[in-house]
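Okay, here's what each chain looks like letter by letter:
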Amino acid sequence: MTDVMQPPATAKTAESCLEVRNLKMHFGQSGGFFRQKTGVVKAVDGVDLTVADGETVGLVGESGCGKSTLGRAILRVYEPTSGEIRYRRRGAGDWIDLARASPKTMTDLRNDIRMIFQDPFTSLNARQTVLEAIGQPLFARGVARSEVRDRVAMIMGKVGLRPEFMPRYPHAFSGGERQRIVIARALVVEPHLVVADEAVSALDVSVRAQTLNLLQDLQDDFNLTYLFISHDLSVVKHVSDHVAVMYVGRIVEFAPSAEIFARPLHPYTASLIAAIPVSSPNLRGRPRAELTGEIPDPSKPPPGCQFHPRCAFATEACRKDVPPLRPMAGGRQVACHHAEELELAGIPA
Amino acid sequence: MSDILLEIRNLSTYFETRSGVVKAVDGLDLTLRRNHTMCVVGESGSGKSMTASSILQILKRPGRIVSGEMIYHFRDGRTVDIARLDPNSKQMRAIRGKYISMIFQEPMTSMSPVHTIGSQISEMMLVHEDVSKAEAKARTIELLTRVRIPDAAARFSSYPFQLSGGMRQRAMIAMALACRPDLVIADEPTTALDVTTQANVLNLMREIQRESGISIMLITHDLGVVAEVADDVTVMYLGRTMEQANVFDLFNAPKHPYTRALLGSVPRLDLQRGERLTQIRGMVPNPFARPTGCPFVTRCPERRFGLCDRQEPDLYRLDGSTSRCFQHDPVHAAAWAQNDEVLA
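Analysis parameters
Residues numbered from 1 in each chain as written. Chains lettered and ligands numbered in written order. Predicted model: local features only at pLDDT ≥ 70, side-chain atom pairs only at ≥ 80, totals over all residues. Heavy atoms only, no water. Salt bridge = Lys/Arg side-chain N within 4 Å of Asp/Glu carboxyl O. Helix = DSSP H or I, 4+ residues; strand = E, 2+ residues; numbered from the N terminus. Buried < 20%, exposed > 50% of the residue type's maximum accessible area, 1.4 Å probe, protein only. Expected span 1.5 Å × (residues − 1). Contact = heavy atoms within 4.5 Å. Pairing = 2+ DSSP bridges. Axes fitted to C-alpha atoms, helices over the stretch in contact; angles between N-to-C directions.

### Things to note about the pattern of salt bridges
Residues and elements named next belong to chain B. The tally for this structure, following the rule as stated, stands at 36 salt bridges over all chains. One salt bridge in this structure joins Glu312 and Arg240, with 2.6 Å as the shortest N-O distance. Remark: Arg240 occurs in strand E10 (residues 240–246) and Glu312 occurs in the loop between helix H11 (257–264) and strand E11 (316–317); sequence separation between them is 72 residues. When its relative accessible area of 32% is taken as the criterion, Glu312 is described as partly exposed. One network of salt bridges, in which partners are shared, links Asp26, Arg240, Arg290, Glu312 and Arg324.

What follows is the structure, encoded as structure tokens:
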């Protein structure tokens, strides 16, 4: 496997606040007699990703591609196997490597980097009132109860919850309201970077629209940076400035959102786009490539380009050599040997 | 042979609980045509799944059909009112699986974990048809091949946990097709799947329909899926039909305010980044606190004061479609148009 690292292109307009460099997150598998080591699941295997300050980066891929693991590794839910996660606080000049940061530094950064989880039914403690749930990070910092109240009331107003609901328990709220509580809890400490892992996937269409609009308003109000992890490409297109496509632990394409959808460079991106259901029956029957086969087992990835068994354009080189993520024109990056030759269909803008 | 397969008229399914009556399905009208795909859409709590359970009479207690009829047309011209059948009767059991079968959302929880997929599929044939075990096995393998499961003969003896999600959903489709039914009800068949697998499964369903002429009733909350596969669409809200129309009419000229709101709330690929989505205010009302007047009155952006909050609109018949809104009522349409005092 090549370990050639290419410097990922940064967005031109803003400074980056997160730079992931050759990040690897491997999990040991054990089984059989005496629980011997039987294999290694390379959930994240050499990821480079740059997130510019104040923008939204969408991270897409099929289940099992490692997108959630990457999101969690950034929050140091896991101890990364190797690589760097460089993070810069707003206004501060120096970079902190989250992959090696001390527990003390991480505790400080917990207010800077926050996470929104998918399921608002399991991510709230049923025995905590809304005040306790949203105010938890403040209480943990030793903020006085009266001040916590004020700040919780302020943030509840921002996310469209009535502050009178503070003493209530989660069961009294609908799915959409609970997701607002989860969002309020993430934002009460005025974070800088928010990792949203499938934040709207469990919601009904009408509630999803409310939540997406809300996330957008909050980004404008608080100048937030989002890493938006989702399997739903139409949602990702709606919210993202840049899109990163992940396949079996690696980024295979990274580009500005409008361009990646209009003209994908990687065959995998093209097949993901082709699989999005049409938005109107009038568009039925547009020709599109159907992706067959399944995502490989990350403990036994195929040699060469991991996508080659499912790729219609695979050649001998693809079966042997791992294509590095390399820069292309227009601040784009792609990991495909044949990116220049392929004419892949996107969706007309 | 009639073009109509199943006519549902004024169907009501209630759950009488200690805290009150939940009207899961409340006066539903729906017509399924032979060899067509009907999509039933709506938010959670709109009664979509309960409609499916009512058709198959597999309601969990205390749910029960309290009124209405479901006229099922057999291929030979006979008809039967499913709503009148006892859920445990021989006749109802003969309909389930043989004439109407079901595909569930999560195959992992709706297939037996301790039987092989082959034995689960062939069991359907052995129960409903006079076939030998060997014949059933041969037909099962043929079915598994048809739903594009590679190496079907070997997969016959696989257990559900040994298959991937997409593969399990294919096996589930094979099971639903085992007795060559007239109607397959699919309840969110692709919601748990990846986009790529979803596209494969939808293609497969379309292909099977083209070959065998079955009717599909597809329950979904995903308007993209509707745009892909539907011929007809029923939009449900609080157990009622709000609009039923041909899929092209529904997307190109939606009649009911709820349909318009639903279509506007979906992020579409032709929208620009950051363009705001239409929000539907509020949320689906608590089933114990149904609004008076139109069911959608609490959230409707076009509601008219003194009308929509007082009386309930009927399902009005329009050219080729139906809509439950006063703006389509010949009596109230003029008043509706003049009354621009929109309820705030």
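Past the structure itself, the notes keep going.
### Thoughts on helix H4 (residues 117–128) of chain B
Residue and element names in this part refer to chain B. A rise of 1.5 Å per residue sets the reference length of H4, with its 12 residues, at 16 Å; its end C-alpha atoms lie 18 Å apart and thus fit the reference within 8%. For H4, every residue scored as buried is listed here: Ile117, Gly118, Gln120, Ile121, Ser122, Met124, Met125 and His128. Summarising the contacts, the buried residues of H4 are in contact with helix H2 (90–98), helix H5 (133–146), helix H6 (152–155) and helix H7 (165–176).

### Quick word on the sheet that holds strand E3 (residues 56–60) of chain A
All names here are of chain A. Across the sheet, eight strands lie side by side as E6-E7-E8-E3-E9-E10-E12-E11; this open sheet has mixed pairing. Two strands bound the open sheet, and with one partner strand each, they are strand E6 (113–116) and strand E11 (326–328). For this sheet, the mean inter-axis angle between neighbouring strands, taken without regard to orientation, is 20°. Bridge count between E3 and strand E9 (residues 242–247): four bridges; the pairing is parallel. Bridged to Leu59 within E9 is Ala244. Across the sheet, helix H6 (residues 205–222) lies against E3, E6 and strand E8 (225–229), angled at about 155° from E8, the strand it touches most. Helix H9 (residues 267–275) rests against E3, E9 and strand E10 (250–256) of the sheet, and its axis sits at about 105° to E9.

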